[in-house]
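What follows is the residue order along each chain.
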Amino acid sequence: MEGEGKRLHPLTQQWAKPAVPFGGKQRIIDFPISNCLNSFIDNIGIVTQYRSESIHQYLSEAKTWSAGPRAQRGQTLLPADRLGGEGYIGTADAIFQNIDYIDSHAPEDVLILSGDHIYQMDYAPLLSAHRKSGASATIVVKNVAWEEASRFGIMSTDEDGRIVDFAEKPAAPKSNLASMGVYVFRWNDLRRLLLQDAADPVSSRDFGKDVIPRMLADGEPLHAYKFGGYWRDVGTIGSLWEANMDLLDGAVHIGTPEWPMNASALSSVVHFSSGVGAQIRGSLIHQGVTPRGEIDRSVVSIGSQIGASSVIRDSVVMPHAKIGKHAKINRAIIGEGAIIEDYAIVGDGADIVVIAPGERVKANVYMAPAFDRIKDMKDRIVGAGKLDQPAALLTIAE
């Protein structure tokens, strides 16, 4: 389980990866949770391990999804430390160690999601298709660029959508049909498989490396479900920056009346055009921010301060950051609560510069790109009803 969020360092110094801010007001974990609530899924288990207190703090203090027909219901925090031992070894082990929790809900199916993906999806048609197919498991898939295929779980299917081959991050992929890390399992089948996997001394306790290959080898019926909307894994600095830019381009929408993110998101006024006393182009400026200077194609988050005559281009300013006068920020991510003093220069427009949460960049200091922070700049770019029985969800909040 890629739990420590090393590829999002230094943004994950204080926060778990799913608790990293996105889009000015939300955090990454808002997406899978809102997907569940908007799909009328009532029982949600949130599995946490690394920096789990940051997820718990956010969910308790944000008062999200607290009003209306999609009100917060049945969310249960499942931190690894409550169980003792050494924590969760892998994604399959995280589900295995919470068998009692799932059993208590007696679900027909279990929906398993990652906590660090940006997308909006109604899971009701997925569950309906899964049940209609009679599959033991259904994997949500999307075609990716061939040059990116080796970074995903890749599968091949027959004409009926049944999965006939699966390889986790293959060096020479046979297809470009990639797993989105969204699984539906028939619970009785998954429970049996998890017990078998736990008894295997050589298993790494992972769905992609162990459980799914075992299912294929045993002839279990596995089906693929194609998703046609926007989806992005934001596990790297480059992919997080790109997803924020996609928001500016209109590929991602947050807090629409048809798909609410939380009770307070719709009350936040944002602007994509020029404001009084500033030159603003193609940017998202959240309520409470007083923009001054020039802001071009950037996301400026709630509670941030922008000093007079500063220039911000192609950047993400996270919540409560303070930018002084005459500062220049170009192709950067300014971490939550960071301070950029007067006349400081961050970035040269070539590669992404990341300023850590709470970090201070002093006046007249130039911050160049930190190449060791952005080794993996290629992103996983893959575009963009009520249930008769609620399904339990375990969000792997890594």
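As a reminder, the structure under discussion sits directly above these lines.
Residues numbered from 1 in each chain as written. Predicted model: local features only at pLDDT ≥ 70, side-chain atom pairs only at ≥ 80, totals over all residues. Heavy atoms only, no water.

Participant: I'd like a rundown of the packing of aromatic side chains, residues and numbers included.
Facilitator: Considering all chains together, one arrives at six aromatic pairs under this definition. When the ring of Phe22 is compared with that of Phe31, the centres are 5.6 Å apart and the planes differ by 75 degrees; the resulting orientation is edge-to-face. Overall, Phe31 belongs to the buried group, its relative accessible area being 0%. The positively charged end of Arg27 is found above the aromatic ring belonging to Trp15, 4.1 Å away from the centroid. (Phe/Tyr/Trp six-rings, centres within 6.5 Å; stacked < 30°, edge-to-face > 60°. Buried < 20%, exposed > 50% of the residue type's maximum accessible area, 1.4 Å probe, protein only. Lys NZ or Arg CZ within 6 Å of the ring centre and 35° of its normal.)

Participant: Any chance you could break down the pairing of strand S9 (residues 163–168) for me, citing the residues and the numbers?
Facilitator: Pairing between strand S8 (residues 153–157) and S9: five bridges, direction antiparallel. Across the sheet, Ser156 pairs through a bridge with Asp165, a residue of S9. (Pairing = 2+ DSSP bridges. Helix = DSSP H or I, 4+ residues; strand = E, 2+ residues; numbered from the N terminus.)

Participant: Pulling in residues and values, what's your account of helix H1 (residues 30–38)?
Facilitator: Across the nine residues of H1, nine count as buried, placing the element largely inside the fold. Where H1 is concerned, the buried positions are Asp30, Phe31, Pro32, Ile33, Ser34, Asn35, Cys36, Leu37 and Asn38. One or two steps after H1, the chain reaches Phe40, where phi turns positive at roughly 60 degrees.

Participant: Go over the pairing of strand S14 (residues 278–281) with me, naming the residues and quoting the values.
Facilitator: For a regular strand, side-chain orientation follows a simple rule: the groups alternate between the two sheet faces. Side chains of S14 alternate between two faces, with Ala278 and Ile280 buried and Gln279 and Arg281 left unburied. Here four bridges tie S14 to strand S16 (residues 293–296), and the two strands are oriented parallel to one another. From the neighbouring strand, Arg281 faces S16, where its bridge partner is Asp296.

Participant: Which residues make up the sheet that holds S16, and what values do they have?
Facilitator: Pairing is parallel in the open sheet, where six strands are placed in the order S14-S16-S19-S22-S25-S28. In the strand order of this sheet, the two ends are held by S14 and strand S28 (366–367), each with one partner. Bridge count for strand S22 (residues 328–330) against strand S25 (residues 345–346) is two bridges, and the pairing is parallel. In the sheet register, Ile329 faces S25, and the bridge partner there is Val346.

Participant: Can you lay out the side chain of Asn244 for me, pointing to particular residues and giving the numbers?
Facilitator: Examined against the element boundaries, Asn244 turns out to sit in helix H8 (residues 237–249). In this structure the side chain of Asn244 is engaged in a polar contact, spanning 2.9 Å, whose partner is the backbone oxygen of Leu240. With near-sequence residues (within four places) excluded, Asn244 lies in contact with Phe22, Gly23, Val299 and Val316. (Polar contact = N/O pair within 3.5 Å; in protein donor to acceptor, adjacent residues only side chain to side chain. Contact = heavy atoms within 4.5 Å.)

Participant: Account for the sheet that holds strand S24 (residues 339–340), with residues named and values stated.
Facilitator: Within the open sheet, the four strands sit side by side as S18-S21-S24-S27. Their pairing is parallel. A single partner strand is all that each edge strand has here, and the edge strands are strand S18 (305–306) and strand S27 (360–361). Where strand S21 (residues 322–323) lies against S24, two bridges are found, and the strand directions are parallel. Each residue of the ladder has a partner; that of Lys322, found in S24, is Ile339.

Participant: Can you explain the environment of Tyr123? Please cite residues and give values.
Facilitator: Checked against the element boundaries, Tyr123 lands in helix H5 (residues 123–133). The exposure class assigned to Tyr123 is buried, which follows from its relative accessible area of 0%. Within polar-contact distance, the side chain of Tyr123 engages the side chain of Asn35 at 3.3 Å.

Participant: Give me helix H7 (residues 207–217): which residues, what numbers.
Facilitator: Buried within H7 we find Phe207, Gly208, Asp210, Val211, Ile212 and Met215. Sitting at the amino-terminal end of H7 is Asp206, which places a side-chain oxygen 2.9 Å from the backbone nitrogen of Gly208. Remark: Gly219 follows H7 within two positions and exhibits a positive phi of approximately 80 degrees.

Participant: Mind laying out the pattern of salt bridges, listing which residues take part and the relevant values?
Facilitator: Once the charged atoms of two side chains with opposite charge are near each other, the side chains can pair. Within this structure, the stated rule accounts for 18 salt bridges. The partner of Glu148 in a salt bridge is Arg151, and the shortest N-O contact between them spans 3.3 Å. Taken as a pair, Glu148 and Arg151 share a single burial class, namely buried. Residue Glu294 is joined to Arg281 by a salt bridge in which the shortest nitrogen-to-oxygen separation is 2.5 Å. Linking Glu294 in strand S16 with Arg281 in strand S14, this pair joins segments that are 13 residues apart in sequence. Each member of the salt-bridge network shares a partner with another, and the members are Arg186, Asp189, Arg192 and Glu220. (Salt bridge = Lys/Arg side-chain N within 4 Å of Asp/Glu carboxyl O.)

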